[in-house]
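Geometric and topological summary
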Amino acid sequence: MIRRCGDGDFEAVCLIINSAAEAYRGTIPEDRWKEPYMSLEELLAEVDAGITFWGFEEGVELVGVMGIQPVQDVTLIRHAYVRPDRQNRGIGGKLLSALNQQTTRPLLVGTWADASWAILFYEKQGFRLVSSEEKDRLLRKYWSIPERQIETSVVLADRKWRCR
Ligand SMILES: CC(C)(COP(=O)(O)OP(=O)(O)OC[C@H]1O[C@@H](n2cnc3c(N)ncnc32)[C@H](O)[C@@H]1OP(=O)(O)O)[C@@H](O)C(=O)NCCC(=O)NCCS
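Residues numbered from 1 in each chain as written. Predicted model: local features only at pLDDT ≥ 70, side-chain atom pairs only at ≥ 80, totals over all residues. Heavy atoms only, no water.

**So, the site of the ligand**
Applicable threshold: What makes a residue near a molecule or strand is one non-hydrogen atom of that residue sitting within 4 Å of it. Contacts described as polar in this section are N or O atom pairs within 3.5 Å, which, within protein, must combine one atom able to donate a hydrogen with one able to accept it, while residues neighboring in sequence count only if both atoms come from side chains. Where accessible areas are quoted, they stem from the Shrake-Rupley method and a 1.4 Å probe; at the residue level, only the protein chains shown are allowed to cover. Numbered from the N terminus, helices here are DSSP runs of H or I no shorter than four residues, and strands are runs of E no shorter than two. For this scheme, ten residues count as nonpolar: Ala, Val, Leu, Ile, Met, Phe, Trp, Tyr, Cys and Pro. Four count as charged, namely Asp, Glu, Lys and Arg, and the remainder, Gly too, count as polar.
Around the ligand sit 20 residues, and of these N88, G90, G92, W117 and K124 come closest. Here an oxygen atom of the ligand and a backbone polar atom of N88 are 2.8 Å apart. Summarising the interface, the protein chains cover 77% of the accessible area of the ligand, which totals 890 Å² for the free molecule. For the shell around the ligand, the secondary structure elements donating two or more residues are β4 (74-82), α3 (91-100), β5 (107-112) and α4 (116-124). In the shell around the ligand, the residues fall into 11 nonpolar, seven polar and two charged.

Written out as structure tokens, the structure is:
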């Protein structure tokens, strides 16, 4: 049910990301929204940058995706999206557990500060928000994102990070 995504999957991955990212429309700052939210070229550049995508499959159809990216001494959870008609059924939680089992390193995840549902999702999975100062430091150290995205994001850390 959960499998690694390969070259033949990225168009489907892109569709899932863009359909689920509709949740951001009108919620995240206007200057951070764009359409499509992520183009296929941007997605492939993320894969080239070292993100491995895993997908949740129902039948032959991918319905949820989540990326994992080892950076220095941590692992980042990147681009977590479940198709809108399959959300809130445990798929995101299962993907996150599966990725967690693949690494012994601490897990960090960044999301939009305005995406309250995503923050709640990660908190239910045992992640906790780091302070604003720590968030700025971590986003600069482990992510390669624009300054404006740093301003408008939060970071959540798992238990391994907090107990390191
Ligand atoms: C965030 C996301 C990946 C979670 O995946 P999921 O399969 O829906 O999550 P699960 O069913 O495993 O977990 C359910 C929990 O997530 C949160 N959640 C999921 N969908 C939600 C929705 N539509 N509205 C509000 N909360 C929601 C709730 O806290 C929920 O817990 P509850 O059932 O006790 O209320 C998915 O909802 C999604 O793609 N959202 C839009 C894009 C997004 O915000 N991505 C995060 C990028 S970092």
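What follows continues from the structure just given.
**Digging into the packing of helix α1 (residues 10-20) against helix α2 (residues 40-48)**
Put simply, the test is: An axis is simply a line fitted to the C-alpha atoms; with a helix, the fit covers only the stretch in contact. Between two such axes, the angle follows the N-to-C directions and lies from 0 to 180 degrees. Oblique is the label for any angle not covered by the other classes, which are roughly parallel (under 35 degrees), roughly antiparallel (over 145) and roughly perpendicular (65 to 115). We call a crossing left-handed when the near helix sits turned anticlockwise from the far one by less than a right angle, and right-handed when that turn is clockwise. Two residues qualify as a contact provided that any one of their heavy atoms is within 4.5 Å of a heavy atom in the partner residue.
It is the contact of α1 with α2, at a shortest axis distance of 10 Å, that shows an interaxial angle of 110 degrees. What the angle tells us is that α1 and α2 run roughly perpendicular. In the packing of α1 onto α2, the handedness of the crossing is right-handed. Counted together, F10, E11, V13, C14 and I17 of α1 and L40, L43, L44 and V47 of α2 form the full contact between these two elements. Tallied by class, the residues present in the contact of α1 with α2 amount to eight nonpolar, no polar and one charged.

**Overview of the nonpolar core**
What counts, and what does not: Grouping buried Ala, Val, Leu, Ile, Met, Phe, Trp, Tyr and Cys residues that are joined through side-chain atoms within 4.5 Å yields what is termed a nonpolar core. Note on exposure labels: buried denotes an accessible area under 20% of the residue type's maximum, exposed denotes more than 50%, and partly exposed covers the range between, all computed with a 1.4 Å probe on protein chains only.
In this structure, V13, Y24, Y37 and Y81 are the most contacted members of the largest nonpolar core, which totals 40 residues. Where this core is concerned, the elements lending two or more residues are α1, β2 (52-58), β3 (61-71), β4, α3, β5, α4 and β7 (153-157). Among the elements that take part in this core, α1 stands out by supplying six residues, more than any other. Core analysis: the second largest hydrophobic core is formed by 14 residues, L108, L138, I150 and W161 among them.

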